[in-house]
Structure formats: C-alpha cells, structure tokens
There are 2 protein chains.
Amino acid sequence: MKIEAVDFFYLAMPVVTDEADGSQDALLVRVAGGGGHVGWGECEASPLVSIAAFVCPMSHGVCRPVADAVLGQRLDGPGDIARIAAAVEYDSMDLLQAVHTFSGVEIALWDLLGRVRGEPIWRMLAYDASHQKLPYASVLFGETPQETLERAKVSRANRFRAGKFGWGPIGRADPATDRDHFMAAREGLGPDGILLVDVGQIFIEDVEAAATRLPALEEAGALWLEEPFQASALEAYGALARRSQKVKLAGGEGAHNIHMARHLIDFGGVGFIQIDTGRIGGIGPAKRVADYAAAKGAAFVNHTFTSHLALSASLQPYAGLKEHRICEYPFAPKPLALEFTRNHLERDADGEIAAPNAPGHGIEIEPAGVRKYLVDAEIRVAGRTLYRTPAID
Amino acid sequence: MKIEAVDFFYLAMPVVTDEADGSQDALLVRVAGGGGHVGWGECEASPLVSIAAFVCPMSHGVCRPVADAVLGQRLDGPGDIARIAAAVEYDSMDLLQAVHTFSGVEIALWDLLGRVRGEPIWRMLAYDASHQKLPYASVLFGETPQETLERAKVSRANRFRAGKFGWGPIGRADPATDRDHFMAAREGLGPDGILLVDVGQIFIEDVEAAATRLPALEEAGALWLEEPFQASALEAYGALARRSQKVKLAGGEGAHNIHMARHLIDFGGVGFIQIDTGRIGGIGPAKRVADYAAAKGAAFVNHTFTSHLALSASLQPYAGLKEHRICEYPFAPKPLALEFTRNHLERDADGEIAAPNAPGHGIEIEPAGVRKYLVDAEIRVAGRTLYRTPAID
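Residues numbered from 1 in each chain as written. Chains lettered and ligands numbered in written order. Predicted model: local features only at pLDDT ≥ 70, side-chain atom pairs only at ≥ 80, totals over all residues.

**Quick look at the overall build of chain A**
Turning to step 1, where the next piece is worked out: Across its full length, chain A holds 15 helices and 13 strands.
Turning to step 2, where the next piece is worked out: Taken over the C-alpha trace, chain A has a radius of gyration of 21 Å; the compact-globule value for 393 residues is 21 Å, and the two agree within 12%.
Turning to step 3, where the next piece is worked out: C-alpha extents for chain A along the principal axes are approximately 60 × 45 × 45 Å.
Turning to step 4, where the next piece is worked out: Out of the 393 residues belonging to chain A, those deemed buried represent 60%.
Turning to step 5, where the next piece is worked out: A separation of at least 24 residues holds for 74% of the contacts in chain A among residues at least 6 apart in sequence. (Helix = DSSP H or I, 4+ residues; strand = E, 2+ residues; numbered from the N terminus. Rg over C-alpha atoms; globule rule 2.2 N^0.38 Å. Buried ≥ 20, exposed ≤ 12 C-beta atoms within 10 Å, placed from the backbone. Contact = placed C-beta atoms within 7 Å.)

Written out as structure tokens, the structure is:
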C-alpha cells in the first residue's frame, strides 16, 4: 500500500503544571494507507514542536521536514519502515526535533502494517511469543519522607510488586534526607518489593554528589539508580558505575538514536537501558537496542509515562526477551492518557502484563476521548496553512 | 539589566532547493535588554521548528518552552548567561529542539552584554587577543571531476590558501571516481593549497566503505576527512581513525551539547573538532569545547555555512587560541546571508580574518536586508497567537 496521509492530534489537560508528569499532554499520529486502513502512534515530546518538524518548509537538502520522507511512500513490509526511517535520519539530519516527530509516525506505520496483515508487531519483529513482564508503578517522591511512605503503601496496595520513585526533593537537600526517602519507600513497598530510584539528572555530571547517595540506596536495597546525570554525560555514568557495588545504574530515556543507547551501555556502564519508543525513532531502533543490550548483558526496560498505546508500543521491542522482566507501567496518569484509548493493558492475577496478542499494537483509539482533550492549533507560513488541527470522526 | 524581549526573524530565499547549502534560510534573534540596548544572534537550524520551541506550551516540568528560562532574567555578566543556559538545559531536557533555539538566543545575550560593556565577546571569554585565522572556502564537489577542478581554481583565484570540498557525488559511486574528484581538487588548489574533504555522513557507519577512500585522500594530500559517518557513530569514527595514517578525521558540526564534542575527541579520535555555535548552545559551550580540544591535542575549527554574524559568533570561542589556525569561511552564500548584515569579515592582504575588535560580535544588522527576505509566519494554539513575525524598523 501507499502512505496517503499522516495526521497529528495534539491533546492536553485543561491545566498543565510544572510537575514531572509526562501524561499532561499527548501527540497522537494517525497514518492512512488507503482502503480505510489506518494505524496509530504516539510521540513522547512537545506536541507543537513535533508537529512543526513534520510540516516545516525545507531549509536545505538535509534539513527537510519529516513529511518529505514519509508521504507517498510504499509500505508493504518491515523493510519499508526501515527504509523510510533511514531517509528521515539522513534527509533531516540538521532538524533536531525530527526523530521525536518520526517516533510516533514509525509506531503508526508498524500498527498499520500489523492490522493489514493481522499480525502483532512483536511477531513482525520475529519474536515467537510475547512474554509476561513485571510492571513497576512510577510515582514521584513525596515532599516529605512520610508522603513517600504513603505513596509506596498505595503502590503496594494496588498490587505492584515493584515501585519506582522519582524526582521530587532528591538531590536538592542533604544525603541524610534523601536516605530517609529511600528508607520510607522501602518500608512502604515491604521487604520483598523491588525498589527503583530515579533522580532525574539532578546531579548534572557531579559524580561525587551522586556517589554520596550510594550507601543509602544500597541500605534500602534499591535495584537501580536511574538518571543520576545528564543523558550524554557518559564519563560521569562510567565513573559512578565503577564505584557502585550492588546498585546498578539505569538510563536511556533521553536516547534519541541507537548510538546514544549503545554508548550508555558501553561507556556509561548502565545495567538497565530504558528506551522510549516515542523518542528513539520508534519500534525499529528500540528493537536494535534490545538486541544489543541482550548481547552485552544489560537488561532492556521500556520507558513509558503516558498512555497504554505508548505502553504497548514500548513493550513490543523486547516482548520476546523472556529474561528481561521489568517494565514501566503508568500507574496514575492524567485522565487524558487513559481516555483516548478504548482498551488498556490490565494486569493479570500475578500483577503482570504482556504486549497484546492482537494485530498491530492492539490498542484501539476512543474518538470521544481524543475530541475531549483536542487542542486547536494552526501554523501558517508565507500565506499557506501548513497545519490545522484535523477533525476526528 | 533585565531581558525584556526576544524576537525571532525568519528569513528565506524566494526558492529553497535541496542542495546542501545552509545559507538558503536563516533565523535571526534579537534580544532587548531595556534602555534601547539590543543584541543579535543567529540559530543554525530549521527556523519554524526553532521558533516553535521558544513559544510552545509547557508539556510538563522538564519539557518547557525555551522562553520560560530566558524572559525576565537578569543579565549583568557572563555568569548570568551560563545560569540561563543551565536552566534551559534542565527545564527543557525533553524538548529536543531547545538547544538549537537557544543557540541563537545565547549568541544574542553575549552580543547584548558586550555592547553594553563596550567589550568584544572574545575578551569576555578571557582571551587577551583575537588571533588571525586562515579561512578555507567551503564549496560543493562538482558533478564531474572537471567541475570540481573548475571550482578549486575559482577558490584559488579568490585568494583562498585552503579549500574544502563537500558532499556531491562522493561515496555514491566507486572509489576510483572519488579519487578523480580528490585529485582534481588538489590540481585546482595547487600543490601548496590546504585540501579538506567533507563527505557529509555518506557512509552512515560503514567503516570499510570509508576506508577504501583513504589511500586516494592521502595521495591527494588531504589534511582531513570530514564527517564520514553519522554524528553519533563514535565506534565507526574510532575504528577509521585507527586505520588512517596521515589523513585526520574531522567532525562535530552536529554536536548539540559539549558531551557529543568531547566524545568525538575521546572515543572517535577526531583531530579536528568542528563546532557550530548556532547549534551547540551558543558561545559558552563552544568555548568549553575549545578548551577541551586544546587540552587533548585536537584542533578547534568553526562550522559556519551561513552569514558573517554566524561567522563572527563562531570565531569567538577560539579567537585567543593562536595555534588553532584554520577557520571555515562562507565563500559563496546565498544573497540573503550577505544582505542582512551591514558589515562583513573581509579577508586581509594575507587572505586571513579575525574576530572583530569591536563590542559584542561586531556585526551590525541591516534592517533593509532583513525586511527583504522576511517570511511571514504565525503560530496559534487554543485561540492564542504564540508567534507572529515581528516588524523591524
């Protein structure tokens, strides 16, 4: 088939706050392949800027809008998706935002292809099975250790066997206060819970400051310390990894190409590589990172803080890797992230989930949910309307 | 003073083609500090997308528009610029385009500060002098070796002692044809000319394909081979660097943070690190790369394919490094890149240039040139106009 249309839907909560909650807005992508066939994807990035990168005028031969490499292309198999991805990477090399935009388009291409073929995406990735994953609840640290304790208890009461605590006050006060938070999280999760800690790049590239938190993390039995540094601070990652005994480093959500992920494994020494298919260029490059991680003894983990469409898309790349067990699960997203899909990846009796055994990514769009949060946007250049929010039936 | 306003001016040639010529459009930034003081900068990136990254609605706490970290801030010294840059880096960490946008803003902040103080930017960077640089003409390879020869002759006839030939057919045909181009360039430059070759990432990460071109490059006496691979393909760079005897690798124009540049030096083994202040976040981070390169025995080179404003801004970070001699010089940019500035960095009797000994970057804006190429653009979200092309007096 031929790619006939690509439409972007920018959704947002009525009020967007400065908390580190990525589910406050969303950018949905619908790709039409003719004959009524459509696929859906989601970008995990600024909606307005990502739309602009699809429709912008060409600046020169390798600073072209993403649309140029996508519209009108053939889509008959996974090889076509790889070919289109390579064209975007080369023809838009000077357009930094391009990969964030294309990520959602790429997911929609896989979904479209899978629906036409009646196959799950993970099967098109040559996996035989979609294995169960153990979800962790992603929550923010409380402002006080007592709040952190309460949130951990809520997570446990909601049948989560693993919990990740992130951002909030960690790294902003002294190590002793941080320790109180780590221990509160441990207490709330119970002795057998898997404790994960995410500090959101707070230490920039200050290895010493991060290292002072290691003893408390070890005492609390944390499995990983996530994003102590800026996404590209490989030397800092590597130095801290060499100083940590039991606590492994995790990172990679900021990776916007496979090289960045590989460098985090090879030079940064991370034990867990966390990939957001909505940022790295979609499912294809995420699968290549999963293969690389498996070969290097690192564990692949999805990064997902938004919808169940994004969740399914982010499980596909490692659905068939049985030993890579842990997955991120958006525990308490904003209503929009739940309402624009009709179905959700509900946890089973063991509290586990798996990428659906259904065509494409297996998540259905709920048009009423899209309409409810749809943001009206328009971009005009030199008298031409390059983008206007489309209608959805 | 306080940063009172930031305005973007999107310029474009009436027709933009797919040649690899970055001077076909431009994004100018004007920062107003009150009391009639203004500074000017230039982003080297897609104008529409970069504007969107300044004005977009916040997605969450670390996906904020660049404007949030800039407008209303104090600007009394270089430390304020570094503080604002750190805020952009952290608060917009999930907005990929942010650094491309901020690069032009940052240059304008230095210019504003320099004009208020009556100091050149290079002096505010603690350099004692602005040393002469040896410019090379950047031209594209011809479609045939004969065309390449003609272009090299033109470059020499224009008093360039160094010439860089880029893109075009190299890497698309067989190594023998590429050799003909290299030898034609050498013939046209003359035996004492400095020959530089830029292949624009054509080999993606194929080390063997790139290595087959090394003997001919050596035969032609090329000083460097630029961007054989994707900007992040550090392993490929490193592998090729180890296999090259005389020809050094050059790269870095795609670096959008100092880490990427450092990794190219440390892991990629480049001998020349090429930094575009309009992409890496501005003059501050480029200066940090220059310091790092000097310490590691690599040479710093500017990347500039656009205006003389961008040229001056890109010379500042290594103006005081006497041994770092070579500079890129936009030899035949499109008219817009020449017409929106009143003055230009003309070459002296020896064919050399230097960062001006004048306040700021020393380049003055020509309003008539801005008006001539100004593109009308408008961005509206949820009923509000977030951007509309401003007027220029």
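What follows continues from the structure just given.
**Structural notes on the interface of chain A and chain B**
Turning to step 1, where the next piece is worked out: Contacts between the two partners involve 49 residues from chain A and, on the opposite side, 49 residues from chain B.
Turning to step 2, where the next piece is worked out: Looking at the side of chain A that touches chain B, the elements that each hand over two or more residues are α1 (47-55), α11 (258-266) and β12 (377-381) of chain A.
Turning to step 3, where the next piece is worked out: It is β12 of chain A that provides the largest number of residues to the side of chain A that touches chain B, a total of five residues.
Turning to step 4, where the next piece is worked out: Across the side of chain A that touches chain B, the residue classes tally to 25 nonpolar, 16 polar and eight charged.
Turning to step 5, where the next piece is worked out: In the sheet, β12 of chain A pairs with strand β12 (residues 377-381) of chain B via five bridges, with the strands oriented antiparallel. (Nonpolar A, V, L, I, M, F, W, Y, C, P; charged D, E, K, R; others polar. Pairing = 2+ DSSP bridges.)

**Remarks on the packing of helix α3 (residues 78-91) of chain B against helix α4 (residues 98-117) of chain B**
The packing of two helices is summarised by the inter-axis angle and the distance between the axes.
Residues and elements named next belong to chain B.
Turning to step 1, where the next piece is worked out: Between α3 and α4, the least distance of the axes is 11 Å, while the angle of their chain directions is 170°. Taken together, the axis directions place α3 and α4 in an arrangement best described as roughly antiparallel. Together, Ile-81, Ala-85 and Val-88 of α3 and Ala-98, Phe-102, Glu-106, Leu-109 and Trp-110 of α4 make up the contact between the two elements.
Turning to step 2, where the next piece is worked out: Looking at the contact of α3 with α4, its residues break down into seven nonpolar, no polar and one charged. (Axes fitted to C-alpha atoms, helices over the stretch in contact; angles between N-to-C directions. Parallel < 35°, antiparallel > 145°, perpendicular 65-115°, else oblique.)

**Some details on the domain arrangement of chain A**
Residue and element names in this part refer to chain A.
Turning to step 1, where the next piece is worked out: For chain A, the assigned domains are domain 1 (5-120 + 366-388) and domain 2 (124-339).
Turning to step 2, where the next piece is worked out: If you average the C-alpha positions of domain 1 and of domain 2, the two centres end up 26 Å apart.
Turning to step 3, where the next piece is worked out: Listed as interface residues are 35 residues of domain 1 and, on the opposing side, 28 residues of domain 2.
Turning to step 4, where the next piece is worked out: If one sorts the elements of the side of domain 1 that touches domain 2 by residue count, helix α4 (residues 98-117) sits on top with ten residues. (Domains from an automatic or database assignment.)

**Points about the relation of the copies chain A and chain B**
Turning to step 1, where the next piece is worked out: Between chain A and chain B, which share one sequence, the superposing operator has a rotation angle of 180° and an axial displacement of 0.0 Å; the RMSD is 0.0 Å. Viewed as a symmetry operation, the transformation between the two copies matches a two-fold axis. (Least-squares fit on C-alpha atoms with pLDDT ≥ 70 in both.)

**What about unusual backbone geometry?**
Turning to step 1, where the next piece is worked out: A positive phi angle, close to 65°, is found at Gln-201 of chain A, a residue other than glycine.
Turning to step 2, where the next piece is worked out: On the neighbour-count criterion, Gln-201 of chain A (23 C-beta atoms within 10 Å) is buried.
Turning to step 3, where the next piece is worked out: In this structure, Trp-167 of chain B is a non-glycine residue whose phi angle is positive, near 55°.
Turning to step 4, where the next piece is worked out: Within the secondary structure, Trp-167 of chain B sits in the loop between β5 (162-166) and α7 (175-189).

**Comments concerning the nonpolar core**
Turning to step 1, where the next piece is worked out: Core analysis: the largest hydrophobic core is formed by 265 residues, its most contacted members being Leu-11, Ala-52 and Ile-273 of chain A together with Leu-11, Ala-52 and Ile-273 of chain B.
Turning to step 2, where the next piece is worked out: Every residue in contact with Ile-273 of chain A, bar those within four places of it in the chain, is listed here: Gly-252, Ala-261, Leu-264, Ile-265, Val-289, Ala-293, Ala-298 and Phe-300 of chain A. (Core = buried A, V, L, I, M, F, W, Y, C linked by C-beta atoms within 7 Å.)

**Observations concerning the pairing of β5 of chain B**
Residues and elements named next belong to chain B.
Turning to step 1, where the next piece is worked out: Taking burial as the measure, the five residues of β5 include four buried ones, the bulk of the element.
Turning to step 2, where the next piece is worked out: Looking at chain direction, strand β4 (residues 134-140) and β5 are connected through five bridges and run parallel. Each bridged residue has a counterpart across the sheet, and for Leu-140 the counterpart in β5 is Gly-166.
Turning to step 3, where the next piece is worked out: What joins β4 to β5 is helix α6 (residues 145-157), and the crossover it makes is right-handed.
Turning to step 4, where the next piece is worked out: Relative to strand β6 (residues 194-198), β5 runs parallel, the two being bridged by five bridges. Paired with Phe-165 across the bridge in β6 is Val-197.
Turning to step 5, where the next piece is worked out: As a crossover connection, the stretch from β5 through α7 into β6 is right-handed. (Right-handed = clockwise from strand over helix to strand, strands pointing away.)

**Observations regarding the packing of helix α1 (residues 47-55) of chain B against α4 of chain B**
All names here are of chain B.
Turning to step 1, where the next piece is worked out: Viewed as axis vectors pointing N to C, α1 and α4 meet at an angle of 90°, and their least axial separation amounts to 8 Å. Judged on the interaxial angle alone, α4 and α1 are roughly perpendicular. Taken together, the residues of α4 that come into contact with α1 (itself represented by Ser-50, Ala-53 and Phe-54) are Ala-98, His-100 and Thr-101.
Turning to step 2, where the next piece is worked out: Considered class by class, the residues forming the contact of α1 with α4 number three nonpolar, three polar and no charged.

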